[in-house]
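Next come the chains, spelled out residue by residue.
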Amino acid sequence: MVLQKLFGFDPSKHNVKTEIMAGLTSFLTMAYILAVNPNIFSALADQGMDTKAVFTATIIAAVIGTLVMAIYAKLPFGLAPGMGLNAFFVYNVCLQLHYSWQFALTAILLEGIIFIILSITRVREKIVNAIPRQLKASISVGIGVFIASLGLKNAGLIVADKATFITLGNLTSGSALLCCIGIILTASLLMYRIKGAMLIGIFLTTLIGIPFGETEFNGIIGIPPDVSPLFLKFEWHNIFTLDMLMVVITFLFIDLFDTIGTVIGVMSTANMVKPDGKIDRVNEALFADAIATTLGACVGASTTTTYVESASGVSEGGRTGLTAASIAFFFTISLFFAPLFLSIPSAATSPVLILVGLLMFTRVAHIDFNSYEEGLPCFITLFAMVMTSSISDGILLGIISHVLLNTIARKWENLNWTIVILAIIFIIRYALL
């Protein structure tokens, strides 16, 4: 009775052991974020960013968001600071635009509060359901390619080049060679359907990295790192500045469509999208996401979102919030393994980014590229994400091209007022840039 009330667990339909094992499966496929996130934020070490505190903040945000998903949405999905969103925080807002990480955390807090309001008013749900089914598939594919490109860059498999912009890195030594070994190793584990293949791949690649000189081993078990260097580190004096307004608006666009893209990707992979493109309980899932983003910012975490890897738990039979509660439990336990996770080099996490991109790319089969009015907007969406290094720009350009091409083709049945209004807003946005 308690499980049914808390997590939507029905003893006649669901099995406790199956739900817990599904939660463990999802956790094992998500846990790479515990190694990846501190690595990404290490780029801000010169600005005083404490990467050990990032580890703890990542877990706290994941536990909070996943528990809200378990109890409120009653869905079997895990949440954690999102890939792509953490990269935007570090590389775009802090390094490219030269804002402090405290400034960026304040912007995340503000946009999280706005998203709570949008979720309560069901605006986000209307936007999700308004996006055409094939465009939803292209969003998932585009995010996958974007994440894979981050892995390639972080490992040095591709490097900057003046003549061609990017070129192949040195594959015969260092992090690039270690990453290549990690890709083959992790892919082999996935081919044999070994549970936790990605996490196992990370640890094995980390061990191989010791003789390579890429891994500095710091131990296995230890006291959880102090999160206080990041806790409530906001720049309140900047709330009413034009700079803050612009960054919040930018985060709103990126978080809105990154989150929508991720939720669509997760629920599509879990076959929870109806034939008409609508998704059950999507507003509850988005509300959990908004709460996680807001509270996560308070502990110093970047935008928290639903993970597409949660579909692995669904494939193992997870159907209720008990699966999500199990994910939260395993994340809590991992707090005491900080030395192990913080020893992992970026070359060991990059293979996972590349393979996660591959798993998301499989949704390309749902796109009809023979139809220009449907295929071209999808093509624009996924390639714009990668070429502009902006997930939100990819989605915005995809929506604009979808409306324009279907209007020219007079395919009125493919349009609705919500997506037409969005396209007009986006056109105005680009015109004012």
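The notes below deal with the structure included here.

Quick notes on the rules
- Sequence order as written defines residue numbering, which begins from 1 separately in each chain.
- The predicted nature of this model means local features are confined to residues of pLDDT at least 70 and side-chain atom pairs, given and counted, to a pLDDT of 80 or more, with totals for whole chains, interfaces and linings taken over all residues.
- For side-chain calculations, the full set of non-hydrogen atoms in the structure is used, while hydrogens and water are omitted.
- Going along the chain from the N terminus, every DSSP run of H or I of four or more residues is numbered as a helix, and every run of E of two or more is numbered as a strand.
- Expected span, for any helix, means 1.5 Å times one less than how many residues it has.
- For this analysis, a polar contact is any N or O atom pair within 3.5 Å, provided that within protein one partner can donate a hydrogen and the other can accept it, and provided that sequence-adjacent residues contribute only side-chain to side-chain pairs.
- Strand pairing is assigned whenever DSSP detects at least two bridges linking the two strands.
- Side-chain rings of Phe, Tyr and Trp, where Trp is taken by its six-membered ring, are said to pair if the distance between their centres is within 6.5 Å; with planes under 30 degrees apart they count as stacked, over 60 as edge-to-face, and otherwise as tilted.
- Throughout, exposure labels follow a simple rule: accessible area from a 1.4 Å probe, protein chains only, divided by the maximum for the residue type, with under 20% read as buried, over 50% as exposed, and the rest as partly exposed.
- A patch is a set of surface residues, each over 30% in relative accessible area and not in a salt bridge, joined within 9 Å for like charges and within 5 Å for the nonpolar side chains Val, Leu, Ile, Met, Phe, Trp and Tyr.
- All accessibility values rest on the Shrake-Rupley procedure with a 1.4 Å probe; residue burial counts only the protein chains present in the view.
- Between Lys or Arg on one side and Asp or Glu on the other, a salt bridge is scored when a side-chain nitrogen of the former is within 4 Å of a carboxyl oxygen of the latter.
- Axis geometry follows a simple rule: fit a line to the C-alpha atoms, using only the stretch in contact for helices, then measure angles between N-to-C directions, giving values from 0 to 180 degrees.
- Angles below 35 degrees are treated as roughly parallel, those above 145 as roughly antiparallel, those between 65 and 115 as roughly perpendicular, and all remaining angles as oblique.
- By definition, any crossing whose near helix is turned counterclockwise from its far helix by less than a right angle is left-handed, and any crossing with a clockwise turn is right-handed.
- Residues are treated as being in contact if the distance between any of their heavy atoms lies within 4.5 Å.
- Charged residues are taken to be Asp, Glu, Lys and Arg, nonpolar residues to be Ala, Val, Leu, Ile, Met, Phe, Trp, Tyr, Cys and Pro, and polar residues to be all remaining types, Gly included.

**Topic: helix 4 (residues 51-73)**
Here's step 1: For helix 4, which comprises 23 residues, the first-to-last C-alpha distance of 31 Å matches the rise-based estimate of 33 Å (1.5 Å per residue) to within 8%.
Here's step 2: Among the residues of helix 4, the N-terminal cap falls to Asp-50, whose side-chain oxygen and the backbone nitrogen of Lys-52 are separated by 2.9 Å.

**Details of the pairing of strand 3 (residues 165-168)**
Where a strand is regular, its side chains alternate between the two sheet faces.
Here's step 1: In this structure, strand 2 (residues 158-161) lies alongside strand 3, joined through four bridges in antiparallel fashion. Bridging across to strand 3, Ala-160 finds its partner in Ile-166.
Here's step 2: What sits between the antiparallel neighbours strand 2 and strand 3 is a turn of three residues.

**Side note on the packing of aromatic side chains**
Here's step 1: Counted by the stated rule, this structure contains eight aromatic pairs.
Here's step 2: Both rings, one in Phe-27 and one in Phe-330, keep their centres 5.9 Å apart while their planes meet at 35°; by these two values the pair is tilted. Taken together, the positions of Phe-27 in helix 2 (residues 16-30) and Phe-330 in helix 14 (residues 321-333) put the pair 303 residues apart, joining distant regions of the chain.
Here's step 3: A relative accessible area of 8% means that Phe-27 is categorised as buried.

**Observations regarding a nonpolar patch on the surface**
Here's step 1: A cluster of nonpolar residues, Met-191, Tyr-192, Ile-194, Ile-200, Leu-204, Leu-207, Ile-210, Phe-217, Ile-220, Ile-221 and Phe-336, forms a patch on the protein surface that exposes about 1100 Å² of accessible area.
Here's step 2: Position of Ile-220 among the secondary structure elements: in the loop between helix 10 (197-212) and helix 11 (242-269).
Here's step 3: Residue class for Ile-220 comes out partly exposed when judged on its relative accessible area of 45%.

**A short note on the environment of Phe-329**
Here's step 1: Position of Phe-329 among the secondary structure elements: in helix 14.
Here's step 2: As for Phe-329 and Phe-27, which are separated by 302 residues in sequence, their C-alpha atoms are 9.4 Å apart.

**Side note on the packing of helix 4 against helix 14**
Here's step 1: Viewed as axis vectors pointing N to C, helix 4 and helix 14 meet at an angle of 165°, and their least axial separation amounts to 8 Å. The orientation of helix 4 relative to helix 14 falls into the category roughly antiparallel. Judged by the twist between their axes, the crossing of helix 4 over helix 14 is left-handed. From helix 4, Ile-59, Ala-62, Val-63, Thr-66, Leu-67 and Ala-70 reach across to helix 14, where they touch Gly-321, Ala-324, Ala-325, Ile-327, Ala-328, Phe-331 and Thr-332.
Here's step 2: A class-by-class count of the residues in the contact of helix 4 with helix 14 yields ten nonpolar, three polar and no charged.

**Looking at the environment of Thr-58**
Here's step 1: As for its position among the elements, Thr-58 is in helix 4.
Here's step 2: Through-space distance from the C-alpha of Thr-58 to that of Ala-35 is 10.0 Å; in sequence the pair is 23 residues apart.
Here's step 3: Setting aside chain neighbours within four positions, we find Thr-58 in contact with Ile-33, Leu-34, Asn-37 and Pro-81.

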